[in-house]
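The residues making up each chain are set out below.
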Amino acid sequence: MNDTIAENLLRIKDRIANAAIAAGRSPGDIGLVAVSKTKPIEAVAAALAAGQTVFGENRVQEAGSKFPALRKQYDLSLHIIGGLQTNKARDAVRIADVIESLDRPKLADAIEAAIAREGRTPQLLVEVNTGSEPQKSGIGRAEADDFIVACKARFGPALIGLMCVPPHDEDPRPHFTWLADRAARHGLTTVSMGMSADFEIAIACGATLVRVGSAIFGSR
Ligand SMILES: *Cc1c(COP(=O)(O)O)cnc(C)c1O
(Lines give C-alpha, C1' and ligand atoms only; values in the text may rest on other atoms or scores of the structure.)
Protein backbone atom coordinates (compact mmCIF):
# COMPACT_ATOMS: atom_id res chain seq x y z
CA MET A 1 0.00 0.00 0.00
CA ASN A 2 2.77 2.42 0.95
CA ASP A 3 4.57 2.03 -2.37
CA THR A 4 1.37 2.49 -4.32
CA ILE A 5 0.43 5.66 -2.44
CA ALA A 6 3.93 7.09 -2.91
CA GLU A 7 3.85 6.25 -6.62
CA ASN A 8 0.37 7.69 -7.05
CA LEU A 9 1.46 10.91 -5.35
CA LEU A 10 4.44 11.23 -7.69
CA ARG A 11 2.23 10.64 -10.70
CA ILE A 12 -0.39 13.17 -9.58
CA LYS A 13 2.26 15.81 -8.86
CA ASP A 14 3.68 15.22 -12.31
CA ARG A 15 0.26 15.65 -13.89
CA ILE A 16 -0.34 18.82 -11.85
CA ALA A 17 2.99 20.25 -13.04
CA ASN A 18 2.26 19.37 -16.66
CA ALA A 19 -1.23 20.86 -16.50
CA ALA A 20 0.18 24.03 -14.96
CA ILE A 21 2.84 24.41 -17.64
CA ALA A 22 0.31 23.72 -20.40
CA ALA A 23 -1.80 26.55 -18.96
CA GLY A 24 1.17 28.91 -18.79
CA ARG A 25 1.19 28.74 -15.01
CA SER A 26 3.85 27.86 -12.47
CA PRO A 27 3.55 24.34 -10.95
CA GLY A 28 4.40 25.84 -7.56
CA ASP A 29 1.21 27.91 -7.64
CA ILE A 30 -0.99 24.84 -7.37
CA GLY A 31 -1.37 23.02 -4.06
CA LEU A 32 -2.45 19.41 -3.66
CA VAL A 33 -4.97 18.46 -0.98
CA ALA A 34 -4.81 14.67 -0.54
CA VAL A 35 -8.37 13.60 0.31
CA SER A 36 -8.13 10.73 2.79
CA LYS A 37 -11.81 10.30 3.73
CA THR A 38 -12.78 6.69 4.51
CA LYS A 39 -9.10 5.66 4.35
CA PRO A 40 -7.28 4.33 7.43
CA ILE A 41 -4.71 6.30 9.39
CA GLU A 42 -2.01 4.00 7.88
CA ALA A 43 -2.81 5.34 4.42
CA VAL A 44 -2.40 8.92 5.66
CA ALA A 45 0.87 7.95 7.35
CA ALA A 46 2.11 6.46 4.07
CA ALA A 47 1.35 9.71 2.25
CA LEU A 48 3.08 11.70 5.00
CA ALA A 49 6.13 9.45 4.73
CA ALA A 50 6.13 10.19 0.98
CA GLY A 51 6.25 13.92 1.74
CA GLN A 52 2.59 14.90 1.33
CA THR A 53 1.61 17.36 4.08
CA VAL A 54 -1.86 18.70 3.13
CA PHE A 55 -4.93 16.51 3.67
CA GLY A 56 -8.67 16.83 3.20
CA GLU A 57 -11.46 15.12 5.13
CA ASN A 58 -15.17 15.66 4.64
CA ARG A 59 -16.31 14.58 8.10
CA VAL A 60 -15.14 16.33 11.22
CA GLN A 61 -15.52 13.26 13.41
CA GLU A 62 -13.44 11.08 11.11
CA ALA A 63 -10.80 13.80 10.79
CA GLY A 64 -10.71 14.08 14.57
CA SER A 65 -10.08 10.36 14.93
CA LYS A 66 -7.06 10.42 12.57
CA PHE A 67 -5.25 13.73 12.56
CA PRO A 68 -4.60 14.86 16.14
CA ALA A 69 -2.46 11.71 16.64
CA LEU A 70 -0.56 12.26 13.39
CA ARG A 71 0.11 15.90 14.25
CA LYS A 72 2.29 14.80 17.16
CA GLN A 73 4.65 13.20 14.67
CA TYR A 74 4.27 15.26 11.50
CA ASP A 75 3.91 18.85 10.39
CA LEU A 76 0.67 18.73 8.44
CA SER A 77 -2.26 20.82 7.33
CA LEU A 78 -5.84 19.55 7.62
CA HIS A 79 -8.65 20.86 5.40
CA ILE A 80 -12.31 20.18 6.18
CA ILE A 81 -13.94 19.94 2.75
CA GLY A 82 -17.40 18.50 3.43
CA GLY A 83 -20.68 20.14 4.34
CA LEU A 84 -20.49 21.21 7.96
CA GLN A 85 -23.30 21.10 10.53
CA THR A 86 -23.34 24.05 12.90
CA ASN A 87 -23.02 21.71 15.90
CA LYS A 88 -19.71 20.48 14.46
CA ALA A 89 -18.28 23.95 13.95
CA ARG A 90 -16.43 24.01 17.25
CA ASP A 91 -14.71 20.68 16.62
CA ALA A 92 -13.85 21.81 13.10
CA VAL A 93 -12.29 25.04 14.37
CA ARG A 94 -10.33 23.07 16.95
CA ILE A 95 -8.79 20.56 14.55
CA ALA A 96 -8.70 22.16 11.09
CA ASP A 97 -6.17 24.48 9.50
CA VAL A 98 -8.58 25.31 6.69
CA ILE A 99 -12.37 25.00 6.49
CA GLU A 100 -13.35 24.92 2.81
CA SER A 101 -17.11 24.54 3.28
CA LEU A 102 -18.34 27.83 4.76
CA ASP A 103 -21.67 28.14 2.99
CA ARG A 104 -24.35 29.92 5.04
CA PRO A 105 -24.83 32.70 7.57
CA LYS A 106 -25.75 30.33 10.42
CA LEU A 107 -22.51 28.43 9.92
CA ALA A 108 -20.58 31.71 9.81
CA ASP A 109 -22.14 32.55 13.20
CA ALA A 110 -21.15 29.18 14.62
CA ILE A 111 -17.59 29.41 13.27
CA GLU A 112 -17.18 32.95 14.61
CA ALA A 113 -18.33 31.83 18.06
CA ALA A 114 -16.04 28.79 17.93
CA ILE A 115 -13.04 30.94 16.96
CA ALA A 116 -13.69 33.14 19.99
CA ARG A 117 -13.99 30.15 22.32
CA GLU A 118 -11.11 28.11 20.94
CA GLY A 119 -8.73 31.03 20.46
CA ARG A 120 -7.62 29.71 17.09
CA THR A 121 -8.63 30.79 13.61
CA PRO A 122 -8.56 28.40 10.66
CA GLN A 123 -8.40 29.84 7.18
CA LEU A 124 -11.77 29.82 5.45
CA LEU A 125 -13.13 29.25 1.96
CA VAL A 126 -16.69 29.95 0.87
CA GLU A 127 -18.18 26.94 -0.89
CA VAL A 128 -20.48 27.74 -3.80
CA ASN A 129 -23.06 25.26 -5.11
CA THR A 130 -22.41 26.35 -8.69
CA GLY A 131 -24.80 23.77 -10.15
CA SER A 132 -27.67 24.56 -7.73
CA GLU A 133 -27.92 20.90 -6.74
CA PRO A 134 -30.33 20.47 -3.82
CA GLN A 135 -28.39 17.60 -2.21
CA LYS A 136 -25.10 19.50 -2.20
CA SER A 137 -23.70 21.98 0.26
CA GLY A 138 -22.60 25.41 -0.90
CA ILE A 139 -24.23 28.81 -1.13
CA GLY A 140 -26.25 29.50 -4.29
CA ARG A 141 -24.70 31.54 -7.08
CA ALA A 142 -27.25 34.32 -6.64
CA GLU A 143 -26.45 34.77 -2.94
CA ALA A 144 -22.71 34.22 -3.27
CA ASP A 145 -21.56 37.83 -3.74
CA ASP A 146 -23.38 39.16 -0.69
CA PHE A 147 -22.27 36.24 1.43
CA ILE A 148 -18.62 36.60 0.38
CA VAL A 149 -18.67 40.32 1.18
CA ALA A 150 -20.23 39.59 4.59
CA CYS A 151 -17.64 36.89 5.35
CA LYS A 152 -14.79 39.20 4.35
CA ALA A 153 -16.10 41.83 6.73
CA ARG A 154 -16.50 39.30 9.50
CA PHE A 155 -13.38 37.15 9.15
CA GLY A 156 -10.96 39.56 7.47
CA PRO A 157 -7.80 37.94 6.09
CA ALA A 158 -8.86 34.49 7.38
CA LEU A 159 -11.20 34.34 4.38
CA ILE A 160 -8.81 33.29 1.64
CA GLY A 161 -10.89 31.94 -1.22
CA LEU A 162 -13.69 29.95 -2.82
CA MET A 163 -14.43 26.26 -3.36
CA CYS A 164 -16.84 24.28 -5.55
CA VAL A 165 -17.80 20.76 -6.56
CA PRO A 166 -19.49 20.92 -9.99
CA PRO A 167 -22.29 18.54 -10.97
CA HIS A 168 -21.10 15.03 -11.75
CA ASP A 169 -22.66 14.80 -15.19
CA GLU A 170 -21.82 18.20 -16.65
CA ASP A 171 -18.84 19.80 -18.30
CA PRO A 172 -17.07 21.32 -15.27
CA ARG A 173 -15.44 24.16 -17.26
CA PRO A 174 -18.21 26.75 -16.93
CA HIS A 175 -18.37 26.05 -13.18
CA PHE A 176 -14.61 26.31 -12.73
CA THR A 177 -14.39 29.49 -14.80
CA TRP A 178 -17.24 31.08 -12.88
CA LEU A 179 -15.60 30.29 -9.54
CA ALA A 180 -12.16 31.60 -10.56
CA ASP A 181 -13.75 34.77 -11.90
CA ARG A 182 -15.73 35.28 -8.68
CA ALA A 183 -12.62 34.83 -6.55
CA ALA A 184 -10.73 37.38 -8.63
CA ARG A 185 -13.57 39.89 -8.38
CA HIS A 186 -13.48 39.64 -4.61
CA GLY A 187 -9.70 39.80 -4.40
CA LEU A 188 -9.48 36.23 -3.06
CA THR A 189 -6.38 34.28 -4.08
CA THR A 190 -7.33 30.68 -3.27
CA VAL A 191 -9.51 28.77 -5.74
CA SER A 192 -10.18 25.18 -4.61
CA MET A 193 -11.60 23.08 -7.45
CA GLY A 194 -10.87 19.87 -9.31
CA MET A 195 -10.88 16.26 -8.06
CA SER A 196 -9.42 12.98 -9.39
CA ALA A 197 -11.49 13.07 -12.57
CA ASP A 198 -11.05 16.71 -13.54
CA PHE A 199 -8.16 18.40 -11.72
CA GLU A 200 -6.24 19.10 -14.94
CA ILE A 201 -9.24 20.93 -16.36
CA ALA A 202 -9.54 22.85 -13.07
CA ILE A 203 -5.89 23.90 -13.32
CA ALA A 204 -6.49 25.16 -16.88
CA CYS A 205 -9.39 27.21 -15.46
CA GLY A 206 -7.38 28.75 -12.60
CA ALA A 207 -7.44 26.36 -9.63
CA THR A 208 -4.83 27.06 -6.96
CA LEU A 209 -5.83 24.02 -4.86
CA VAL A 210 -6.91 20.65 -6.23
CA ARG A 211 -8.52 18.03 -3.97
CA VAL A 212 -7.56 14.54 -5.08
CA GLY A 213 -8.68 11.39 -3.26
CA SER A 214 -9.18 8.17 -5.17
CA ALA A 215 -6.33 8.76 -7.63
CA ILE A 216 -3.95 8.77 -4.62
CA PHE A 217 -5.51 6.40 -2.10
CA GLY A 218 -7.51 4.11 -4.40
CA SER A 219 -11.25 3.85 -4.92
CA ARG A 220 -13.62 4.08 -1.99
C1 LIG B 1 -14.22 13.13 -1.86
C2 LIG B 1 -13.99 14.54 -2.24
C3 LIG B 1 -12.94 14.90 -3.10
C4 LIG B 1 -12.00 13.90 -3.76
O5 LIG B 1 -12.70 13.13 -4.70
P6 LIG B 1 -11.94 12.07 -5.64
O7 LIG B 1 -12.86 11.92 -6.79
O8 LIG B 1 -11.77 10.83 -4.84
O9 LIG B 1 -10.64 12.66 -6.04
C10 LIG B 1 -12.76 16.25 -3.37
N11 LIG B 1 -13.57 17.19 -2.83
C12 LIG B 1 -14.59 16.88 -2.02
C13 LIG B 1 -15.43 17.97 -1.47
C14 LIG B 1 -14.83 15.55 -1.69
O15 LIG B 1 -15.86 15.24 -0.88
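Data block above holds the structure.
Residues numbered from 1 in each chain as written. Predicted model: local features only at pLDDT ≥ 70, side-chain atom pairs only at ≥ 80, totals over all residues. Heavy atoms only, no water.

Caption draft 1: How the structure looks around the site of the ligand. The environment of the ligand is made up of V35, K37, N58, I81, V165, M195, S196, R211, V212, G213, S214 and R220. Contact distances for the ligand include 2.5 Å between an oxygen atom and a side-chain N or O atom of S196. Here G213 contributes a backbone N or O atom positioned 2.8 Å from an oxygen atom of the ligand. Within the complex, 88% of the 390 Å² of free accessible area of the ligand lies under protein. Here the ligand is seated within the largest pocket. (Near = heavy atom within 4 Å. Polar contact = N/O pair within 3.5 Å; in protein donor to acceptor, adjacent residues only side chain to side chain. Areas by Shrake-Rupley, 256 points an atom, 1.4 Å probe, with all protein chains shown as cover. 1 Å grid on protein atoms, 1.4 Å probe; cavity = no way out; pocket = protein on both sides within 12 Å on 5 of 7 lines; lining within 4 Å. Sits in = over half its atoms within 2 Å of the grid points.)

Caption draft 2: Looking closely at helix α5 (residues 105-118). The end-to-end C-alpha distance of α5 is 20 Å, a good match for the 20 Å that 14 residues give at a rise of 1.5 Å each. Taken residue by residue, α5 has L107, A108, A110, I111, A114 and I115 as its buried positions. The arc that holds the buried residues of α5, viewed along the axis, is 165°, so those residues lie on one side. Pointing more than 90 degrees away from the buried face of α5 are the exposed residues P105, K106, A116 and R117. Contact partners of the buried residues in α5: α4 (89-95), β4 (98-102), β5 (123-128) and α6 (141-155). (Helix = DSSP H or I, 4+ residues; strand = E, 2+ residues; numbered from the N terminus. Expected span 1.5 Å × (residues − 1). Buried < 20%, exposed > 50% of the residue type's maximum accessible area, 1.4 Å probe, protein only. Arc of directions from axis to C-beta. Contact = heavy atoms within 4.5 Å.)

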